[in-house]
Amino acid sequence: MGFEVLLKGNNMLRLLGGLGVAMYISLISVAISIVLGIILGALMTLKNPVINAISRVYLEIVRIMPQMVLLFIVYFGATKVLGINLSAEISAIIVFSFWGTAEMSDLVRGALSGIDKIQYESSMALGMNTRQTYFHVIIPQIIRRLIPLSINLITRMIKTTSLVMMIGIVEVLKVGQQIIEANRKSSPNAAFGIFATIFLLYFIACYPISCLSKYLEKKWEK
Amino acid sequence: MNFEVIRDYLPLYFKAFLLTIKIGWIGIALSLGIGVISAFILHFKIPVLSAIVKVYVELFRNTPLLVQLFFVYFGLPKIGISISAEACGAIGLGLLGGSYMTESFRSGLDAVPLSQTESSLALGMTKGRLFTSVILPQAFTLSVPAVVANLIFLLKETSVFSAISLMDLMFTAKDLIGLYYNTTECLVMLVVFYVIMLLPVSILGSFVEKKTRFKMFGN
């Protein structure tokens, strides 16, 4: 079935290393997206017409452009048009942060506008000032809504980073292909075993995170 | 920008565009079918089947389409199951989409308040009538936003097909860049074609969402 290739040499370790590259890129992108997303999401609730117009165009671009197209534009387009030579990793991080920031800002905006006006009014009636209202009433609620959603964003980011092999980053799929090529003679069925393993590796990486997100969402629902 | 180049490439892009749309919508039709059936199985808690559906949904929701396609296209032939690239794309998209659609339809079904069921039973409706005239219309309305989001997501995911050498938009662009180095023109055309493919769906989706929102009970 081709699973025996995994036990040869350090093939399994190489696969895990490849998954590590994908995880590394996605975690950096998630960290950037969360910071920028919170800032942009907060700006979007200010109802400034200019900010609103820009952010709507931005969100629509991200909504309809496949991430792969964005990757190509940044990786090949930037070099050609602007003459900057970006490494594949940097362009991947730029693209996934661009995408993640849009997703995150939409979540932040949703969470902020989902808080009833009555919360602000009651806090004021209790004699809190603006700062106290935000720190003791509004922000704790937002954090509870946002944490499960941002954890969910991590799994989506990990899944999306599998695309980086298309711009030549050596991540888990590429390593898998290399192993298959190297063992073409000795185990011709390696493709089945390797790709099944990668399939399971991704599942093992993402499933616990999405379970955690679901659990927290249920726990904090009330 | 060289417009002659664009004119020359147009037929190639158009062919790829049609192929992308064809496979995309076949995949989406498959995913809707799988989604509705699986959601019913989960909602009615049919013993063995619902366990299978749960495993299927979790497996496909937590793995990238690219990995699924590689497994189906390069892995399965090794154990004797050979599928053409086009069928592989449609099936892969259908399976991935099916798992997302299942979740959307199921959450729609579950979100209909229990009081609706109880009131209908109190009014003397039969189980079948209750389901077709009370639960389903509301469940459908509740799941529209999620389904529209899934549609756009799935159409975007078609860009991954180029990895299994299906001649889609992405593949054509990559191929032409590799052959003639007209990077700017190729990328601009790629973006334009994706906008043509997805912008109508996005606008229509928002419109349908708005139209169905007030059909909800209480509005």
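Residues numbered from 1 in each chain as written. Chains lettered and ligands numbered in written order. Predicted model: local features only at pLDDT ≥ 70, side-chain atom pairs only at ≥ 80, totals over all residues. Heavy atoms only, no water.

Asks: How should the overall build of chain A be read in this particular structure?
Replies: In terms of regular secondary structure, chain A is built from eight helices and zero strands. Helices (α) and strands (β) of chain A occur, in sequence order from the N terminus, as α-α-α-α-α-α-α-α. Seen through its principal axes, chain A has C-alpha atoms that stretch 75 × 45 × 25 Å. Each of the 222 residues in chain A was classed as buried or not, and the buried ones make up 46%. Of the roughly 11,300 Å² of accessible surface on chain A, 67% is carried by carbon and sulfur atoms. (Helix = DSSP H or I, 4+ residues; strand = E, 2+ residues; numbered from the N terminus. Buried < 20%, exposed > 50% of the residue type's maximum accessible area, 1.4 Å probe, protein only. Areas by Shrake-Rupley, 256 points an atom, 1.4 Å probe, with all protein chains shown as cover.)

Asks: Would you take a moment to explain the interface of chain B and chain A for this structure?
Replies: Quite often, the size of an interface is put as the accessible area lost when its parts meet. With 39 residues of chain B in contact, the opposing surface of chain A contributes 37 residues. By the criterion of area lost to chain A, the three top residues of chain B are N62, K78 and K156 of chain B, representing 17% of everything that side buries. At the boundary of chain B and chain A, one finds one salt bridge. The closest approach of N and O atoms between E58 of chain B and K214 of chain A, which form a salt bridge, is 3.3 Å. Taken together, the links from chain B to chain A amount to eight residue pairs in polar contact (both at pLDDT 80 or more). Secondary structure elements with two or more residues in the side of chain B that touches chain A: α2 (47-61), α3 (65-75), α4 (85-111), α6 (127-157), α7 (169-180) and α8 (183-213) of chain B. With 11 residues, α8 of chain B is the single largest residue contributor to the side of chain B that touches chain A. Residue classes in the side of chain B that touches chain A are distributed as 23 nonpolar, 10 polar and six charged. (Contact = heavy atoms within 4.5 Å. Buried area = accessible area lost by both parts, 1.4 Å probe. Salt bridge = Lys/Arg side-chain N within 4 Å of Asp/Glu carboxyl O. Polar contact = N/O pair within 3.5 Å; in protein donor to acceptor, adjacent residues only side chain to side chain. Nonpolar A, V, L, I, M, F, W, Y, C, P; charged D, E, K, R; others polar.)

Asks: I would appreciate a short explanation of the confidence of the model for chain A in the present structure.
Replies: As a note on interpretation, predicted positions should not be read in detail where pLDDT is low. Within chain A, residue pLDDT values average 88, and 99% of them lie at 70 or more. The lowest-confidence element of chain A is helix α3 (residues 67-82) of chain A, averaging 86 in pLDDT; the highest-confidence one is helix α4 (residues 88-113) of chain A, averaging 91. (pLDDT = per-residue confidence, 0-100.)

Asks: It is not clear to me how the pattern of salt bridges should be interpreted in this structure. Could you clarify?
Replies: Side chains that differ in sign of charge can pair as their charged atoms come close. One pass over the structure, following the stated rule, counts eight salt bridges over all chains. Linked by salt bridges that have partners in common, E103, R106 and D110 of chain B make up one network.

Asks: How do you make sense of unusual backbone geometry when you look at a structure like this?
Replies: Peptide bonds are, in most cases, trans, and in most cases residues other than glycine have a negative phi. Residues and elements named next belong to chain B. Positive phi is not limited to glycine here, since K45 has a value of about 50 degrees. Among the structural elements, K45 can be located in the loop between α1 (3-43) and α2. Here Y181, not a glycine, exhibits a phi torsion of approximately 60 degrees, which is positive. Here Y181 shows up in the loop between α7 and α8. The class of Y181 is exposed, set by a relative accessible area of 57%.

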